[in-house]
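# A closer look at the structure
So the chains spell out like this:
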Amino acid sequence: MRLWNRPHKLASLALSLLPLCACATVGPDFVPDQSAAPEHYEMAGDAAAPGVRFAERAPDTTWWRFLNAPKLDSVIDLALADSPTLAEADAAIDAAQATAEAVRGGAQPQVDVTAGPERERVNAAAFGFAGFPAQTISRYSIGAAVSYDLDLFGGRRREIESAEARAESERYRFEAARLTLAGNIVLQAIELASLRAQIAAVESTIADDRKTVALVERAIALGATARTAKVSAKVQLAQDEAALPALRQRFAVFRHELALMVGREPGRWAPPEFDLADFSPSPEIPVAVPSVLLRGRPDIRAAEAALHTTTAQIGVQTARLYPNLDITANFAQIALAPEDVFSYAASGWSVGSQLLAPLLHGGTLRANVRRAEAEADASSARYRSTVLRVFVEVADALQAVANDDAEYRAQQSVSQLAQENLALARRAFELGGGTILQVLDAQRQNNAAHRALVAMEGRRLGNLARLRAATTVAVP
């Protein structure tokens, strides 16, 4: 037992000096943003959005379910499980957490154990002992070393604080990426449904064009109109047929893009066939109040954590302007024979400390402090910019929802009137009281009104989704 009392006491002495590290922590302490959130999202004079219910508690994070679209739910569930975008963000969290653990571990006492045999040839003449032949000997050793940075001015503590804040920022970024991915999939699915409806509208228009061509041919056969009318009708048919390939190309691109979001190759996966009728949004839209959104939207919290990271780095760089003190303790057992390694005569030890104080560094250390301060200022500006962008985004979404209903009702009226006008023009032409040009003009108006109504329906669904996504709180 005597052999191990000394190293035990040495380690105890080193560890007993740990409280000395709590001398000072330089650099500014991070204070979360205390500014009050605005009372309203809307600007003075903005219209009120119908169906919006402001909630003091955060709405459900699976906000897309308010569209009541099971096909969409299944696609989002697949994407959240397999998306490479989220896998990358998740890996960033693991890396940041591992970095924080490594920094915390570096602030603890460092203990290393050494052991090993050694074969050495000793030249006695080199030490002034002439006449003695060189000897080859074996040595066996086992020992331990303890070192500890007293962190007199809190540089390591600030480094730990910075690393933990960075890990927190990555967690918030993951939540933001998750919500963004879900939002993009929702908008992509709605756009696919809208394009499908627009393609169907153009196909219906082409069928109507062919009916018009047949109508003109009957009129020509009866001598009721000139043969040139058939050319005009066929021109209209050709123009509408030419619009179809571009729509189909957009539809294909959106389907492929959705496969990318889900994390599937287009050759191995295809999205469901979304129709506008698949989406039946709830009449009431829960929206988090500004104060809840400010403290819970993940991109805001990520920006705040990034500011915390850079603020702590000021302390890290400031601490390097001041002296630092390390304490060390070493113990070793060294013998020429293995059986003597653990004997008392083979033991040796040392305890010491080292004070390192910066003297001349050419202004580098102070420049590093100024750089850290500038980076913190930049992070503060990014945080404020993020908050402003979020509230502008919500205000825009609210106004879009507020104006969509009026626009949709007006577009419905335009479409209905255009249908009636086309029916009257065709009837008049059949009875000899109108021209084919009047029929074609009425048909163009009807086609444009029908496509605009279909596009407006998709746009209205998309704006509802944007509002719900913009006001979802994912952080408690």
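Below: a short report on this structure. Predicted, not measured: the structure shown is a model, and the values here were computed from it.

Rules used in this analysis
- Residues take numbers from 1 onward in each chain, read along the sequence in its written order.
- Confidence filtering applies because this is a predicted model: local features only for residues at pLDDT of at least 70, side-chain atom pairs given and counted only at 80 or more, and all residues used for totals across whole chains, interfaces and linings.
- Calculation of side-chain values draws on the structure's entire complement of heavy atoms; hydrogens and water are dropped beforehand.
- Secondary structure elements follow DSSP: runs of H or I no shorter than four residues count as helices, runs of E no shorter than two count as strands, and numbering proceeds from the N terminus.
- What the globule rule says is 2.2 Å times the number of residues to the power 0.38, and the radius of gyration is computed from C-alpha atoms.
- Working definition: with a 1.4 Å probe on protein chains only, accessible area under 20% of the residue-type maximum means buried, over 50% means exposed, and in between means partly exposed.
- Working rule for contacts: check all heavy atoms of both residues, and any pair within 4.5 Å makes them a contact.
- Only the protein chains shown count as covering a residue, and every accessible area follows the Shrake-Rupley method with a 1.4 Å probe.
- For this count, His and the chain ends are skipped, Lys and Arg are scored as positive, and Asp and Glu as negative.
- Throughout, a charge is located at the NZ atom of Lys, the CZ atom of Arg, the CG atom of Asp or the CD atom of Glu.
- In this text, buried Ala, Val, Leu, Ile, Met, Phe, Trp, Tyr and Cys residues form a nonpolar core when linked through side-chain atoms within 4.5 Å.
- Expected helix span is given by 1.5 Å per residue-to-residue step, counting one fewer step than there are residues.
- Relevant arc is that of directions from the helix axis to the C-beta atoms, nothing else.
- Stacked, tilted and edge-to-face are the three classes applied to pairs of Phe, Tyr and Trp rings, where Trp contributes its six-membered ring and a pair requires centres within 6.5 Å; stacked means planes under 30 degrees apart, edge-to-face means over 60, and tilted covers the rest.
- By definition here, charges over rings are those cases where NZ of Lys or CZ of Arg is within 6 Å of the ring centre and within 35 degrees of the ring normal.
- A 3.5 Å cut-off defines polar contacts: any pair of N or O atoms within that distance qualifies, except that in protein one atom must be a possible hydrogen donor and the other a possible acceptor, and neighbouring residues in sequence count only when both atoms are side-chain atoms.
- For helices, the fitted axis covers only the stretch in contact; all axes are lines through C-alpha atoms, and the angles between them, taken along N-to-C directions, range from 0 to 180 degrees.
- Each angle is binned into one of four classes, with values under 35 degrees roughly parallel, values over 145 roughly antiparallel, values of 65 to 115 roughly perpendicular, and all other values oblique.
- A crossing counts as left-handed when the near helix is turned anticlockwise from the far one by less than a right angle, and as right-handed when that turn is clockwise.
- Amino acid classes used here: Ala, Val, Leu, Ile, Met, Phe, Trp, Tyr, Cys and Pro are nonpolar; Asp, Glu, Lys and Arg are charged; the rest, including Gly, are polar.
- Each salt bridge in this description consists of a side-chain nitrogen of Lys or Arg and a carboxyl oxygen of Asp or Glu lying within 4 Å of one another.

### Some details on the overall build of the protein chain
- The secondary structure content of the protein chain amounts to 9 helices and 6 strands.
- Its C-alpha atoms give the protein chain a radius of gyration of 38 Å, clearly above 23 Å, the size a compact globule of 476 residues would have.
- Counting only residues that meet the buried cut, the protein chain has 40% of its 476 residues in that class.
- The long-range share in the protein chain, meaning contacts at least 24 apart out of those at least 6 apart in sequence, stands at 85%.
- When the accessible surface of the protein chain is split by element, carbon and sulfur atoms take 56% of a total near 25700 Å².
- Across the protein chain, 49 positive and 55 negative side-chain charges occur, with their mean positions spaced 3 Å apart.

### Digging into the nonpolar core
- Ranked by size, the top nonpolar core spans 81 residues in total, and within it Leu72, Ile185, Val186, Leu258, Phe274, Phe279 and Leu467 carry the most contacts.
- For this core, the element with the most residues is helix 4 (residues 155-221), which contributes 19 residues.
- Here Phe279 is in contact with Leu67, Ala69, Leu72, Ala189, Ile190, Ala193, Phe274 and Leu461, once residues within four sequence places are set aside.

### Section: the environment of Glu42
- Mapped onto the elements, Glu42 comes out in the loop between helix 1 (2-16) and strand 1 (52-55).
- For Glu42, a relative accessible area of 27% puts it in the partly exposed group.
- The spacing of Glu42 and Ala397 is 355 residues in sequence and 10.0 Å in space, taken between C-alpha atoms.
- If we skip the residues at most four places from it in the chain, Glu42 touches Phe54, Leu398 and Gln399.

### Topic: helix 2 (residues 70-82)
- End to end, helix 2 covers 19 Å across 13 residues, agreeing with the expected 18 Å (1.5 Å per residue, within 8%).
- Of the positions making up helix 2, those classed as buried are Leu72, Asp73, Val75, Ile76 and Ala79. For helix 2, the arc enclosing every buried residue in end-on projection is 165°, short of the 170-degree limit, so these residues lie on one face. Away from the buried face of helix 2 by more than 90 degrees, exposed residues Pro70 and Ala81 are located.
- Each element contacted by the buried residues of helix 2 is listed here: helix 3 (84-106), helix 4 and helix 5 (228-262).

### So, the packing of aromatic side chains
- The full count for this structure, using the stated rule, is 5 aromatic pairs.
- Here Trp63 and Trp64 contribute two aromatic rings whose centre-to-centre distance is 6.0 Å and whose plane-to-plane angle is 80°, an arrangement assigned as edge-to-face. Note on accessibility: Trp63 and Trp64 belong to one class, buried.
- Ring centres of Phe274 and Phe279 lie 6.2 Å apart, and the angle between their planes is 25°; on these two criteria the pair is classed as stacked.
- What links up through ring pairs into an aromatic cluster is the set Tyr41, Phe54 and Phe391.
- Here Arg468 stacks its cationic end above the ring of Phe66, 5.6 Å away from the centre of that ring.

### Some details on the side chain of Thr386
- Position of Thr386 relative to the elements: it lies in helix 8 (residues 364-430).
- Its relative accessible area of 13% is what places Thr386 among the buried residues.
- A polar side-chain atom of Thr386 sits 2.8 Å from the main-chain carbonyl oxygen of Arg382.

### Quick look at the packing of helix 4 against helix 8
- Helix 8 packs onto helix 4 with a crossing angle of 15° between their chain directions and a minimal axis gap of 11 Å. In terms of their interaxial angle, helix 4 and helix 8 are classed as roughly parallel. Regarding helix 4 and helix 8, the two cross each other, and that crossing is left-handed. Contacts from Asp208, Thr212, Leu215, Val216 and Ala219 of helix 4 reach helix 8 at Arg426, Phe429 and Glu430.
- Grouping the constituent residues of the contact of helix 4 with helix 8 by class yields 4 nonpolar, 1 polar and 3 charged.

### Quick look at the environment of Val146
- One can find Val146 in strand 3 (residues 135-149).
- In this structure Val146 comes out as buried when scored by relative accessible area, which is 13%.
- Residues Val146 and Thr328 lie 182 residues apart in sequence; the distance between their C-alpha atoms is 5.5 Å.

### Topic: the side chain of Arg297
- For Arg297, the position within the fold is in the loop between helix 6 (290-296) and helix 7 (298-319).
- Since its relative accessible area comes to 8%, Arg297 is described here as buried.
- Side chain to side chain, Arg297 and Glu393 meet in a polar contact 3.1 Å long.

### Observations concerning the pattern of salt bridges
- In total, this model carries 24 salt bridges according to the counting rule given.
- The closest approach of N and O atoms between Glu304 and Arg301, which form a salt bridge, is 3.6 Å. Taken together, the positions of Glu304 and Arg301, both in helix 7 and 3 residues apart, correspond to about one turn of that helix. This pair shows no difference in class: Glu304 is buried, exactly as Arg301 is.
- A salt bridge links Glu407 to Arg459; the shortest N-O distance between them is 3.0 Å. With Glu407 in helix 8 and Arg459 in helix 9 (residues 436-470), the pair connects residues that are 52 residues apart, well separated along the chain.
- Residue Arg459 is classed as partly exposed on the basis of its relative accessible area of 38%.
- Each of Arg297, Asp299, Arg389 and Glu393 takes part in a single network of salt bridges with overlapping partners.

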